[in-house]
Amino acid sequence: MDEGVSRIRRRVSVRKRDRPSLGSGFAAPTAAELKPGDEEGEEEMVAGSRRRKTVEVQPVENDSEEDMFGDYDSFAENSFLAQVDDLEQQYMQVPEHRKHASDLSTEDLCSESIKHNKLSITTVGNFTELKTDEHIKNQSRHENVSIEPDILYDVPSSQVLYFENLQNSSDDLGNQSTKERDWNASSHKIVNEELPQNRIEQHQQIDDSSSKVRTSSEENRRKSLKEHLKSAMTGNAKAQTPIFSRTKQLKETLLSEEINVAKKTIESSSDDLGPFYSLPSKVRDLYVQFKGIEKLYEWQHTCLTLNSVQERKNLIYSLPTSGGKTLVAEILMLQELLCRRRDVLMILPYVAIVQEKISGLSSFGIELGFFVEEYAGSKGKFPPIKRREKKSLYIATIEKGHSLVNSLIETGRIGSLGLVVVDELHMIGEGSRGAILEMTLAKILYTSKTTQIIGMSATLNNVEDLQEFLQAEYYTSQFRPVELKEYLKINNAIYEVDCKAENGITFSRLLNCQYSDTLKKMDPDHLVALVTEVIPNYSCLVFCPTKKNCENVAEMICKFLSKEYLKQREKEKHEVIKNLKNISSGNLCPVLKRTIPFGVAYHHSGLTSDERKLLEEAYSTGVLCLFTCTSTLAAGVNLPARRVILRAPYVAKEFLKRNQYKQMIGRAGRAGIDSVGESILILQEKDKQQVLELISRPLENCYSHLVQEFTKGIQTLFLSLIGLKIATNLDDIYHFMCGTFFGVQQKILLKEKSLWEITVESLRYLTEKGLLQKDAINKSEEEIQYSFHITKLGRASFKGAIDLAYCDILYRDLKKGLEGLVLESLLHLIYLTTPYDMASQCVPDWMIYFRQKVDKDIVNRLYLSFVLYTLLKETNIWSVSEKFNMPRGYIQSLLTGAASFSSCVLHFCEELEEFWVYRALLGELTKKLTYCVKAELIPLMEVTGVLEGRAKQLYNAGYKSLMHLANANPEVLIRTLDHLSRRQAKQIVSSAKMLLHEKAEALQEEVEELLRLPPDFPSIEVSATEKA
């Protein structure tokens, strides 16, 4: 082991060395040796001496990437090229009669020398430090000048390719040099291969022979070495030659070697899983550093070592909320990215969770060398950029994940996707989003047999159907890191849920609270007593049926809290209020203004994204100890609590489902903080029987919505199958449908019609709507088979992910818009990109328009267009909310929906030539709708996790571009910006670095694509006469 370490140290050149100057390769002649007629030689020697002084200055150690030519000033007077010029002049004076001593050209000597002196460039990009004293002593006479290896220590690593090209282009290589070149070429293929001992001995033999060699004087056989170097240095300017510090380089070398070992381990059938589940030990260190995870739970170890996981079979696993499901998925994703070198797609249900995951994994991407790309809202490139070396982790919402898979199938790159991870797999049974998720997974199963699918959920019941659909193994455990105790509260009595008891509950205690008459009227459910048992020392969540109820409960609780609560972390709560005002242009919700001083706040969709993020940060750090919230928080970002209280067994007016109940109570108990978690469901006597059934019955089954969601489901699926040429005739489409989740459940779901009949009807509908065309194919004299191809409108609809219920209306609106497109302002374009489905939710106060019998949908859409237009002009949600008397959360949703729909319309127009004008206009509008801020803040808001309020803080602090942010010091950011934790600062810097790397890589790919010879380049054969 020690010997191996020493070899690594020898190979890893870690700082820019004080390389030997040219003077070390050519000893200066003494005064006695200089002839009287050598004035010119003497002048050259003096000039060379001056240059040597310049070159021999000790370079400063530098950990950052250096300029392409390092310390060499290219073509300046004292440059390396000037030294080479001197060398060339001396070299030209070598007596002609000595040329028979060698049959190697100057280029061969240079290449032979450089071959020894450079280390494997693919690993280090620097030179091995070898002792050259013997060679220096052997060359003390200028009449025996020859090119020694030491000269080439001064060549930047970017020039190595130049010498290799010279070697390959040489016509008269000897057998020995051929063997040397072959050995050298093979060493390039094997990363981190150790330098053989006999190589050094061979080098010494070459040096002894090369000292006697003299080159040819035939000038037509060689160009000037100086000219060669000039063109090579210019041509190689685009090559990367980073110089790393010793520590960083050693770590990267060790990581590379561990990944190579992991690759071999993961491909073998051995039970030895390497340092960290077939991953380098650095991954384990990063989990300790970034997430504080030092050891895996027993179930996680069991799951990762399952035979099905080792054999890369599809897997579904289910555990209670907070059980640590995501960590298993992350380790499997890292195995795919680092060891198998394939891309990974992770599908998450909501934009907020996508952004949270992007922030959390960007640091891993930077350290381990892969890209983390966001596909949510209007973000994401289709098709994704094809990376040259580094692999990509795509983190996407359900809708964007579907579009991404479509683009990969269309470009023939679906095989590059090694792993697909689906979180909250139970959502496959939830409406149109479930139908889209089902389509995505069915296409992957049908088109790529090498892509592994991992699904996870806390609330799965009919797993057998999902297993059959995904052809997957199943793993489950009831593990929770923190014990969860469930309680029911009826009047003053609290009962513990006990499955062994006769009716499912056992009496626990009476609630002991002294309530005044006023308090009894205001708080009949004893919420104040229940929350004060845990706050402010512990955190608490109160789930309420409606948004308005959340605000009312928060205010009511604060009215009866003692003044002592105001003193808890008073300064930090004041900072939260100050920051809320800053991000809202001085505005502050009056409810939050009254509740935050007590450490209480509400959380629902009525908040803006900035407000929600800031309040979540305050809750996570313990500044706020109580949230009154709606059920959306249970399915969103992870905000656990010591106690979870359900205000009533209802979500809006619907009775609670078992799945929803499990998700809500799953937030109780924080791993590593609490020893126990508690959930209390408050109910009235009238709901008692229903609640007892709720706590005892199994989880709801999930059923396919592919046919139920007609336009967003089966029709969209058929359109994309034909558009992507996955299946183009009736038989193939029916065969595909049999393999879907709906196909598995068809006996349960289909009562009146068969799957074949539904398939035929859907294809007929699409043909009648002008999205498909039917072609007849004569299979035989008696049998005629029909195939389908997609029309231009159909292609535009599926490429733009437009709901087929609106595609013809959108086409008509865009067509009519061409007749008189008003470009004086953005209003006309905004109207065309206002989502159709949100118009039905709007209730404008425009009685005059109703009297004129104007189409209601058009009026509503126009009204929303005015809202969006005002918002883009003022960029202040609060003022627009007051002006139009709409909740600010609704306006935030409208803006998000408009940005997403604008992106869809843009892709729709890209497929239709007649709408070329929209292609030019909608790109900029989409960007404006996505960020809705002043132009100077947009570069900062491209970074995941940076919203408007934070972007303003960063801009005012001097961080005005992505480059500024990527090079920022997190510690400086913490001191500069208000209310920024160390974790958030690190995530922002990591995300900025990742985005910057992605952009740089994309530009490099574009350059290489432009310079690459096209694969369809016409080859013209040269005739024999032309050759002659």
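Looking at an unreviewed UniProt entry, the protein carries the name Helicase POLQ-like isoform X2, with the source organism given as Callorhinus ursinus. Its UniProt record gives the protein a comment under Subcellular location (unreviewed entry), which states: "Nucleus". Recorded under Catalytic activity (unreviewed entry), the UniProt text for the protein is reproduced unchanged: "ATP + H2O = ADP + phosphate + H(+)".

Undergrad: Any chance you could explain the packing of aromatic side chains here in plain terms?
TA: Where two aromatic rings form a pair, the distance of their centres and the angle of their planes describe that pair. Taken as a whole and judged by the stated rule, the model has 20 aromatic pairs. On the numbers, 5.8 Å between centres and 35° between planes, the contact of Phe 469 with Phe 741 is tilted. Taken together, the residues Phe 469 in helix α19 (residues 463–470) and Phe 741 in helix α32 (residues 741–744) connect sequence positions 272 residues apart. On the basis of relative accessibility, which here comes to 1%, the residue Phe 469 falls in the buried class. Exposure remark for Phe 741: the relative accessible area of 0% places this residue in the buried category. Ring geometry for Tyr 863 against Phe 884: centres 5.8 Å apart, planes inclined by 90°, an arrangement best described as edge-to-face. With Tyr 863 in helix α40 (residues 856–874) and Phe 884 in helix α41 (residues 877–884), the pair connects residues that are 21 residues apart, well separated along the chain. Residue classification places Tyr 863 among the buried residues on the basis of a relative accessible area of 10%. Judged by relative accessible area, which is 15%, Phe 884 ranks as buried.

Undergrad: Please explain a nonpolar patch on the surface as it appears in this structure.
TA: Among the surface-exposed residues, Val 1007, Leu 1010 and Leu 1011 lie close enough to one another that they form a single nonpolar patch of about 320 Å² accessible area. Residue placement: Val 1007 occurs in helix α48 (residues 982–1011). Residue classification places Val 1007 among the partly exposed positions, given a relative accessible area of 38%.

Undergrad: Would you mind showing me how to read the confidence of the model for the protein here?
TA: Detailed reading of predicted coordinates is not advised where the pLDDT is low. Scored by pLDDT, the protein comes out at a mean of 77, with 71% of its residues at no less than 70. Segment residues 94–163 is flagged for pLDDT under 50; beyond a separation of four residues in sequence, or across chains, it makes 176 contacts in the model. Every residue in residues 269–273 is under pLDDT 50, and counting partners more than four places away or in other chains gives six contacts.

Undergrad: What is the right way to look at the pairing of strand β17 (residues 676–683) in this model?
TA: Each regular strand carries side chains that alternate between the two faces of the sheet. Where burial is concerned, most of β17 is hidden: eight out of the eight residues are buried. Alternating positions in β17 separate into two faces, Val 676, Glu 678, Ile 680 and Ile 682 on one and Gly 677, Ser 679, Leu 681 and Leu 683 on the other, with burial throughout. Note: strand β14 (residues 643–646) against β17, four bridges, orientation parallel. Each bridged residue has a counterpart across the sheet, and for Arg 643 the counterpart in β17 is Glu 678.

Undergrad: I would appreciate a short explanation of the sheet that holds β14 in the present structure.
TA: Picture the strands of a sheet paired through backbone hydrogen bonds; they go either parallel or antiparallel. Strand order across the open sheet formed by eight strands is β10-β9-β8-β17-β14-β11-β13-β12, with mixed pairing between neighbours. The open sheet has two edge strands with one neighbour each: β10 (505–510) and β12 (600–603). Going across the sheet, the axis of each strand differs from the next one's by a mean of 25°, ignoring polarity.

Undergrad: Looking at this structure, I do not really get the packing of helix α18 (residues 431–447) against helix α31 (residues 730–738). What am I missing?
TA: Packed helix pairs are characterised by how far apart their axes lie and by the angle those axes make with each other. In the contact formed by α18 and α31, the axes pass within 10 Å of each other and the chain directions differ by 115°. In terms of orientation, α18 and α31 fall into the roughly perpendicular class. By crossing handedness, the relation of α18 to α31 is classed as right-handed. For the pair α18 and α31, contact is made by Ala 442, Lys 443 and Tyr 446 and by Asp 732, His 735 and Phe 736, respectively. For the contact of α18 with α31, the class distribution of residues is three nonpolar, one polar and two charged.

Undergrad: I tried to follow unusual backbone geometry on my own but got confused; where do I start?
TA: When glycine is set aside, most residues are seen to have a negative phi, and most peptide bonds are trans. A cis amide bond links Phe 382 to the next residue, Pro 383, at an omega of -10°. Inspection of the secondary structure puts Pro 383 in the loop between β3 (371–375) and β4 (392–396). Cis geometry is found at the peptide bond from Ile 535 to Pro 536, where omega equals 5°. Of note, Tyr 277 is a non-glycine position whose phi angle comes to about 50°, a positive value. Mapped onto the elements of the fold, Tyr 277 is located in the loop between α11 (246–267) and α12 (281–291). If you check the backbone angles, Asn 885 has positive phi at about 55° while not being a glycine. As for its placement among the helices and strands, Asn 885 is situated in the loop between α41 and α42 (888–910).

Undergrad: Is there a simple way to think about helix α36 (residues 807–819) in this case?
TA: Helical geometry note: an α-helix holds 3.6 residues per turn, so side chains three or four residues apart project in the same direction. Between its terminal C-alpha atoms α36 stretches 19 Å, which fits the 18 Å expected from 13 residues at 1.5 Å a residue. Within the sequence span of α36, burial applies to Cys 807, Leu 810, Asp 813, Leu 814 and Gly 817. Down the axis of α36, the sector holding all buried residues measures 125°, keeping them to one side. Opposite the packed face of α36, turned more than 90 degrees from it, sit the exposed residues Arg 812, Lys 816 and Glu 819.

Cut-off values and rules
- Residues numbered from 1 in each chain as written.
- Predicted model: local features only at pLDDT ≥ 70, side-chain atom pairs only at ≥ 80, totals over all residues.
- Heavy atoms only, no water.
- UniProt positions renumbered as here; feature names shortened; annotations may be inferred.
- Phe/Tyr/Trp six-rings, centres within 6.5 Å; stacked < 30°, edge-to-face > 60°.
- Helix = DSSP H or I, 4+ residues; strand = E, 2+ residues; numbered from the N terminus.
- Buried < 20%, exposed > 50% of the residue type's maximum accessible area, 1.4 Å probe, protein only.
- Patch = residues over 30% accessible without salt bridge, like charges linked within 9 Å, V, L, I, M, F, W, Y side chains within 5 Å.
- Areas by Shrake-Rupley, 256 points an atom, 1.4 Å probe, with all protein chains shown as cover.
- Salt bridge = Lys/Arg side-chain N within 4 Å of Asp/Glu carboxyl O.
- pLDDT = per-residue confidence, 0-100.
- Contact = heavy atoms within 4.5 Å.
- Pairing = 2+ DSSP bridges.
- Axes fitted to C-alpha atoms, helices over the stretch in contact; angles between N-to-C directions.
- Parallel < 35°, antiparallel > 145°, perpendicular 65-115°, else oblique.
- Left-handed = near helix turned anticlockwise from the far one by under 90°.
- Nonpolar A, V, L, I, M, F, W, Y, C, P; charged D, E, K, R; others polar.
- Expected span 1.5 Å × (residues − 1).
- Arc of directions from axis to C-beta.

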